[in-house]
Amino acid sequence: MVKYKEDWYKLYHVHYQQYPDDCIENIYWLEKAAQADFCNPQYVDFKIETEKQWEKYRYLFQMHINLKLIEQHLRLGRTYDKKCIYFYDSPWKDEYLRNMEKALSCYEAGLYYWQEAKVWCEKASAPSFSFLYITDKQAWEDENARIVSGDLDYERMLTREIERLKKNIEELKAMDKTY
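None of the values given here were measured: they were computed from a predicted structure.

*Asks:* I would appreciate a short explanation of a nonpolar patch on the surface in the present structure.
*Replies:* Side chains of Tyr86, Phe87 and Tyr88 sit close together on the surface and give an oily, nonpolar patch of about 350 Å² of accessible area. By the element assignment, tyrosine 86 lies in the loop between α3 (51-80) and α4 (93-124).

This is the structure in structure tokens:
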């Protein structure tokens, strides 16, 4: 039975060749994980010994889920994104515009999850956790450190993609139907 956050997260998986349906499926699992309750600490996949460790684990997990949601929205958006507009694209203008609007909504959703990830990162980086590292979740700790240092900044990437996409949409809208 899938009931807890950890159970929903186990359903998330990345395919070698990721199609839009795979991204949508993963987004569904990750959103369910973000909304679910945590399981009892004794059932987590590593040993939790203190309440502080349990608290930091929860913050890091929420941050990690939001980062994975951003990645999935980026992947989904890229399948609909037309990177470059050419003069001969005008016959397919309407179809390109529909796809680019889908891509835009994916990138904008990613911005929402980035704000959420930053909130959880801030909580996991509180001074009370200064000397507490969950070595069994080193990848999550690394993500946290990269956000704090500014090395991981999805907002910059998403904003760049959104601006480029809006410019392409305007360029495509300005095209006439002939070439």
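*Asks:* Honestly, the confidence of the model for the protein in this entry has me stumped. Any pointers?
*Replies:* For residues with low pLDDT, the predicted coordinates do not support detailed interpretation. Residue-level pLDDT values for the protein average 92, and 98% of them are 70 or greater. Confidence, expressed as mean pLDDT per element, reaches its minimum in the protein at helix α1 (residues 5-11) with 93 and its maximum at α4 with 96.

*Asks:* Explain the environment of methionine 157 here, please?
*Replies:* Looking at the secondary structure, you find methionine 157 in helix α6 (residues 154-174). Since its relative accessible area comes to 23%, methionine 157 is described here as partly exposed. Taking the C-alpha atoms as reference points, methionine 157 and cysteine 106, 51 residues apart in sequence, are found 13 Å from one another.

*Asks:* Whenever I open this one, the packing of aromatic side chains confuses me. Can you help?
*Replies:* What describes a pair of aromatic rings is the distance from one ring centre to the other and the angle between the planes of the rings. On inspection of all chains with the given rule, the structure shows 19 aromatic pairs. Look at tryptophan 8 and tyrosine 28: their rings are 6.5 Å apart centre to centre, the planes differ by 85°, and that puts the pair in the edge-to-face class. Of this pair, tryptophan 8 sits in helix α1 while tyrosine 28 sits in helix α2 (residues 20-35); the two residues are 20 residues apart in sequence, bridging distant segments of the chain. For tryptophan 8, a relative accessible area of 15% translates into the label buried. When the ring of tyrosine 9 is compared with that of tyrosine 12, the centres are 5.8 Å apart and the planes differ by 25°; the resulting orientation is stacked. The ring of phenylalanine 38 has lysine 5 sitting right over it, with the charged end atom 4.8 Å from the ring centre. For the cation-ring pair, lysine 137 lies above tryptophan 140, with the distance from its terminal atom to the ring centre recorded as 4.7 Å.

About the cut-offs
The numbers attached to residues start from 1 for each chain and follow its sequence in the written order. The model is predicted, so local features are restricted to residues of pLDDT at least 70 and side-chain atom pairs to those at 80 or more, both for listing and for counting; the totals for chains, interfaces and linings are taken over all residues. Hydrogens and water are ignored here; the side-chain numbers use all heavy atoms of the structure. Distance thresholds for patches are 9 Å for like charges and 5 Å for nonpolar side chains (Val, Leu, Ile, Met, Phe, Trp, Tyr), applied to residues having over 30% relative accessible area and no salt bridge. Per-residue and other accessible areas were derived by the Shrake-Rupley procedure at a 1.4 Å probe size, with only the shown protein chains allowed to occlude residues. A pairing counts as a salt bridge when a side-chain nitrogen of Lys or Arg comes within 4 Å of a carboxyl oxygen of Asp or Glu. A helix here means a DSSP run of H or I that spans at least four residues, while a strand means a run of E at least two residues long, and both kinds are numbered starting from the N terminus. What pLDDT reports is the predictor's confidence in each residue, on a scale of 0 through 100. Remark: exposure states derive from per-residue accessible area (1.4 Å probe, protein chains only) relative to the maximum for the residue type, with buried under 20%, exposed over 50%, and partly exposed in between. Pairing of aromatic side chains requires ring centres within 6.5 Å, counting the rings of Phe and Tyr and the six-membered ring of Trp. Pairs whose planes differ by under 30 degrees are stacked, by over 60 edge-to-face, and all others tilted. Any Lys NZ or Arg CZ found within 6 Å of a ring centre and within 35 degrees of that ring's normal is scored as a charge over the ring.

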